[in-house]
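Structure at a glance
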Amino acid sequence: MRYRFFEHEQFNYETLLALGSAYRQAADPGEVLAAAERIVDGDAESWFTTWTELGRRVRDQADRSSGQGRQASAREACLRAAAYLATALVSIDGTADPGRLGSVFREHRECFEHFAAACDPPAEPVAIPYEGGLLPGYLFSPPGATEPLPTVIVNNGSDGPLTAVWALIGAGAVARGYRALLFDGPGQQSMLFQHGVPFRHDWEKVITPVVDFLLGREDVDGTRVALIGISQAGYWVPRALAFEHRIAAAVADPGIMDVSTSWWQHMPAEMHALWESGERETFDAFMREALKESAQAAVWAWRSKPYGIESPFDMFTEIGKYTLTPVVERITTPLLITDPEGESFWPGQSRQLYEALPGPKELVRFTEAEGANLHCEPLGRAVFEQRVFDWVDARLGTGKKVAAR
């Protein structure tokens, strides 16, 4: 299955991701396909403008529906508008005016806030104490639930918005009777764009405060807390599990042993040798010159932004810390690892992590034949939810038995 809307790899993947999010009403396939038709392949301004205009048009419709008292239409449109505005931002660094990120990001979050407030019941905005500050998030719950419930911590990846993790994980969790906590950690979305807080490799310092926060709530069953992470959280989740042992079960989609491999895989061996030699100024000069002429410069800028490091040499040095090798033997929490066919960022690492784990584990394959391949299974959302949540249900003792029809 090689659906091609664009030759530009990031544009094509983001389009697939948008189409798949229609499964949880975070997009409309017709709107996505119509937008793709108007975008000039590889042109950052065309991408940004098309998705921004679509997001604002859908937001305006949400406002009209709300003014007419049509709350279901307003809620659904707010979610789509938020998702489209977030999709616009992935190309912002390749445009002539990257400074528009702040204003469009605020529009995106305002739409998501309206969506969250219109849910049944309304999602609760939360502030999680973290190192003298706060991590922002939302706690979503199923209708009519007042008792302590099993809860899923939804851990985002490197650059995805809350709309993405809602569509990929949060909505499916709530539909199955879980509370779902979505939050921005260091380097993620609002923590990066509005507060300038970068990534950190020691993610247990993030998840432990999140678990502390949940266990202090009367509406959370502290014995049944799961942690599910997507994309780069395939590293962060197991890293946190090596130190935080109050999690009952976890999922890494996909599994990642070493984040740095996705950065080095397209680099010439000579550059790796230059970095290993410690010649910082020479390495940085070569990298900056190469990026001037590269069509991937905007992709580099977007992916490197959350690390908060300007020097390419220093950034590669920092990324080198993002490895599970020193801590993997400490992981004892039951962990499901997805292994999608065609994984582009960390091929083969799901199995590497599976084989390295000493505790309870399961590796689940997603294939092209069933339409659930590629990084984070963008078009296989029903298949993903069934396999992953059935596994989580079994580990947490949840899930309702329904008579077969």
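All values derive from a computational prediction rather than experimental measurement. Within each chain, residues carry numbers counting from 1 in the order of the written sequence. With pLDDT at 70 or above as the cut-off, local features in this predicted model cover only qualifying residues; side-chain atom pairs require 80 or more to be listed or tallied, and sums for whole chains, interfaces and linings still use all residues. Only hydrogens and water are set aside when side-chain values are computed; all heavy atoms of the structure are taken into account.

Below, the discussion takes up the overall build of the protein. Put simply, DSSP H or I for four residues or longer makes a helix, DSSP E for two residues or longer makes a strand, and each gets a number counted from the N terminus. From N to C terminus, the protein includes 16 helices and eight strands. For 405 residues, the compact-globule estimate of 2.2 N^0.38 gives 22 Å, and the protein sits close to it at 21 Å. Its C-alpha atoms give the protein principal-axis dimensions of about 60 × 50 × 50 Å. Within the protein, buried positions represent 56% of all 405 residues. Should any heavy atoms of two residues lie within 4.5 Å, those residues are counted as being in contact. Contacts spanning at least 24 positions in sequence make up 73% of the contacts within the protein whose residues lie at least 6 apart. Taken over C-alpha atoms, the radius of gyration is set against a globule rule of 2.2 Å times the number of residues to the power 0.38. Only protein chains enter the accessibility calculation, which uses a 1.4 Å probe; a residue whose area is less than 20% of its type maximum is buried, one above 50% is exposed, and one in between is partly exposed.

So, about the packing of helix α12 (residues 280–292) against helix α14 (residues 312–319). Between α12 and α14, the least distance of the axes is 7 Å, while the angle of their chain directions is 105°. By the angle between their axes, α12 is roughly perpendicular relative to α14. Contacts from Arg-280, Phe-283, Asp-284, Met-287 and Arg-288 of α12 reach α14 at Pro-312, Phe-313, Asp-314 and Phe-316. Residue classes in the contact of α12 with α14 are distributed as five nonpolar, no polar and four charged. Under this scheme, a helix contributes an axis fitted over its contacting stretch, all axes are lines through C-alpha atoms, and angles between N-to-C directions fall in the 0 to 180 degree range. Any angle that is under 35 degrees is reported as roughly parallel, and any over 145 degrees as roughly antiparallel; angles of 65 to 115 degrees are reported as roughly perpendicular and all others as oblique. For this scheme, ten residues count as nonpolar: Ala, Val, Leu, Ile, Met, Phe, Trp, Tyr, Cys and Pro. Four count as charged, namely Asp, Glu, Lys and Arg, and the remainder, Gly too, count as polar.

It is at 10 Å that the axes of helix α5 (residues 101–118) and helix α6 (residues 162–175) come closest, and there the two elements cross at 40°. Between α5 and α6, the crossing angle belongs to the class labelled oblique. Here His-108, Arg-109, Phe-112 and Phe-115 of α5 come into contact with α6, specifically with Leu-162, Thr-163 and Trp-166. Looking at the contact of α5 with α6 residue by residue, the class counts come to four nonpolar, two polar and one charged.

The next subject is the nonpolar core. Counting residues in hydrophobic clusters, the biggest one holds 72 residues, and the most contacted among them are Trp-51, Phe-112, Phe-140, Trp-166, Ile-169, Leu-182 and Val-392. Residues Leu-135, Met-191, Val-206 and Val-328 belong to the second largest nonpolar core, which totals 56 residues. What we call a nonpolar core is a set of buried Ala, Val, Leu, Ile, Met, Phe, Trp, Tyr and Cys residues that are connected through their side-chain atoms within 4.5 Å.

Below, the discussion takes up the sheet that holds strand β3 (residues 149–155). Strand pairing is assigned whenever DSSP identifies at least 2 bridges connecting the two strands. In space, the eight strands of this open sheet follow the order β1-β2-β4-β3-β5-β6-β7-β8, with mixed pairing throughout. Every other strand in the sheet has two partners, leaving β1 (124–130) and β8 (361–366) as the edge strands with one partner each. With strand direction ignored, the average angle separating the axes of adjacent strands in the sheet is 25°. One ladder, built from four bridges, connects β3 with strand β4 (residues 179–183); its direction is parallel. Along β4, the bridge assignment pairs Val-152 with Ala-180. Against the sheet, α6 engages β2 (133–140), β3, β4 and β5 (220–230), with an angle of about 165° to β4.

Mapped onto the fold, Thr-323 is located in the loop between α14 and β7 (335–340). Note: C-alpha distance between Thr-323 and Tyr-235 (88 residues apart in sequence) is 7.6 Å. In this structure, Thr-323 is in contact with Tyr-235, Met-257 and Asp-258, ignoring residues within four places of it in sequence. A 3.5 Å cut-off defines polar contacts: any pair of N or O atoms within that distance qualifies, except that in protein one atom must be a possible hydrogen donor and the other a possible acceptor, and neighbouring residues in sequence count only when both atoms are side-chain atoms. Within the structure, Thr-323 has its side chain in polar contact with the side chain of Thr-325 (distance 3.3 Å).

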